[in-house]
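# Architecture at a glance
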Amino acid sequence: MSKYINPYTDFGFKKLFGEEANKDLLLDFLNTLLPKKHQIKTLSFNNPELLGATESDRRAIFDVYCEAKSGEKFIVEMQKAEQEFFKDRSVYYAAYPIRSQGLKGKWNFELKAVYFIGILDFVYDKNVPNPVLIREVSLKDQHGEEFYEKLQMIYIQMPVFNKMESELTTRQDKWLYFLKNLPSLEHIPAILKEKVFRKAFQTAEVASMTEQDRLYYEQNLLDYWTYMATMDTAEQKGYDRGIKEGIEQGIDIGETQKAVDIARNLKKEGLDPILIAKTTGLSLDEIARLD
C-alpha cells in the first residue's frame, strides 16, 4: 500500500481537511484561493449535513462545510468524476448557506459571502482547447462587470496541473502538487518541508493510522478504484453511443476488464491478494499474473 493516503477518496479528503485537529491545514489551503478581502484568520466547522426548510425538501451533504470568524461560509467538495448537472448541483449547494443566514423577525437581508470550492479529479472543460487550471465564477452583468461579489464558485481542474517539484513557486502551487502527487510520494519533497506541509504529510501517513481507520480507508480505496474503473469502462465502450448509453452498456460489457483494472490498481497499492480476489471475483492465479 502507498505510504500516504489518496486524497481523492472520501476518507482521505476528510482526514486532511475535515477534522477539527487539522483545520489549520484547510485554512492554509483556502487562503491560497481566496481574495485578500476574504482571507481567513480563524474558522470553525459547521454540520456538513443540511436539511431543507420542510420535511419534503432534499438534504445536502457536503464534504467540508466551514465558516470564518467574520461570517463567510465555505463549501469544499472533492469531485471524483463528471456529473451531468454538476454546475446545477454547485448552485444548489451554495443556496443552503445563503438561506441559512435568514433571520427571524426584523432583518435587512444583509448576507455574508458564500464560496463553493470544487476540487475536480477530471477536466470539466474537456471541449475547450486550453482548459484553465482554476475557474473563478461570480455573478456579472451584461457588460462583464461584477454585479454581486458575495457568491463565488471556484473550480480546480486537477488534471490540468502538471508542474514539477522544481517549478513550484507559490503556496497554491505547493498545495496542488501535494494533493495531486500525495499517493505516489515516498518522502517529503524538500520544497514542502514547511511546518504546515509536515503536518499534512504526518496526517496522511497510513502507518500512523489506527487499525480501525486503516481498515475503513482500505474499504474506501476499494470503493474509489471500483468507481473509477466503472466510469473508465463505461466511457470507453460508450464513446460513439453517447455517455448515457455508454454507461449502461459499458458496465454490462466491460465487467471482466473492470475487475482486472481494479485488481491491478489494488495490487499496486499493496492490498492483500485474498482481499482483492474477494472484491473483484478474480482468482489468485489471475491476480498473480497482473503487472
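Residues numbered from 1 in each chain as written. Predicted model: local features only at pLDDT ≥ 70, side-chain atom pairs only at ≥ 80, totals over all residues. Heavy atoms only, no water.

## Digging into the environment of Gly281
Under the convention used in this document: Working definition: helices are DSSP H or I runs of at least four residues, strands are E runs of at least two. Numbering for both runs from the N terminus. Three labels apply to residues, based on accessible area from a 1.4 Å probe with only protein chains included: buried if under 20% of the type maximum, exposed if over 50%, partly exposed otherwise in between.
The residue Gly281 is located in the loop between helix H9 (273-280) and helix H10 (284-288) in this model. On the basis of relative accessibility, which here comes to 63%, the residue Gly281 falls in the exposed class. Spatially, the C-alpha atoms of Gly281 and Ala263 are 9.4 Å apart, while their sequence positions differ by 18 residues.

## Let's talk about helix H5 (residues 195-204)
Our working definition: What the arc covers is the set of directions going from the helix axis to the C-beta atoms.
Residues of H5 that are buried: Val196, Phe197, Ala200, Phe201, Thr203 and Ala204. Seen end-on, H5 carries its buried residues on one side only, within an arc spanning 160°. Exposed residues pointing more than 90 degrees away from the buried face of H5 are listed as Lys195 and Gln202.

## Brief notes about the packing of helix H4 (residues 171-181) against H5
What counts here: A fitted line through C-alpha atoms serves as each axis, taken over the contacting stretch for helices, and the angle formed by two N-to-C directions is quoted from 0 to 180°. For classification, angles of less than 35 degrees are called roughly parallel, those exceeding 145 degrees roughly antiparallel, those between 65 and 115 degrees roughly perpendicular, and all remaining angles oblique. Contacts are assigned to residue pairs that have any heavy atoms within 4.5 Å of one another. When residue character is reported, Ala, Val, Leu, Ile, Met, Phe, Trp, Tyr, Cys and Pro are called nonpolar, Asp, Glu, Lys and Arg charged, and the others, Gly included, polar.
Where H4 contacts H5, the axes come no closer than 12 Å and their chain directions differ by 10°. Viewed along their axes, H4 and H5 adopt a mutual orientation that is roughly parallel. Facing H4, whose interface residues are Arg171, Lys174, Trp175 and Phe178, H5 presents Val196, Phe197, Ala200 and Phe201. Of the residues in the contact of H4 with H5, the class split is six nonpolar, no polar and two charged.

## A word on the confidence of the model for the chain
Rules: Here pLDDT means the predictor's own confidence in every residue, given as a number from 0 to 100.
Mean pLDDT for the chain: 84, with 87% of residues reaching 70 or above. Per-residue pLDDT stays below 50 along residues 51-58; that stretch engages in nine contacts with residues further than four places along the chain or on separate chains.

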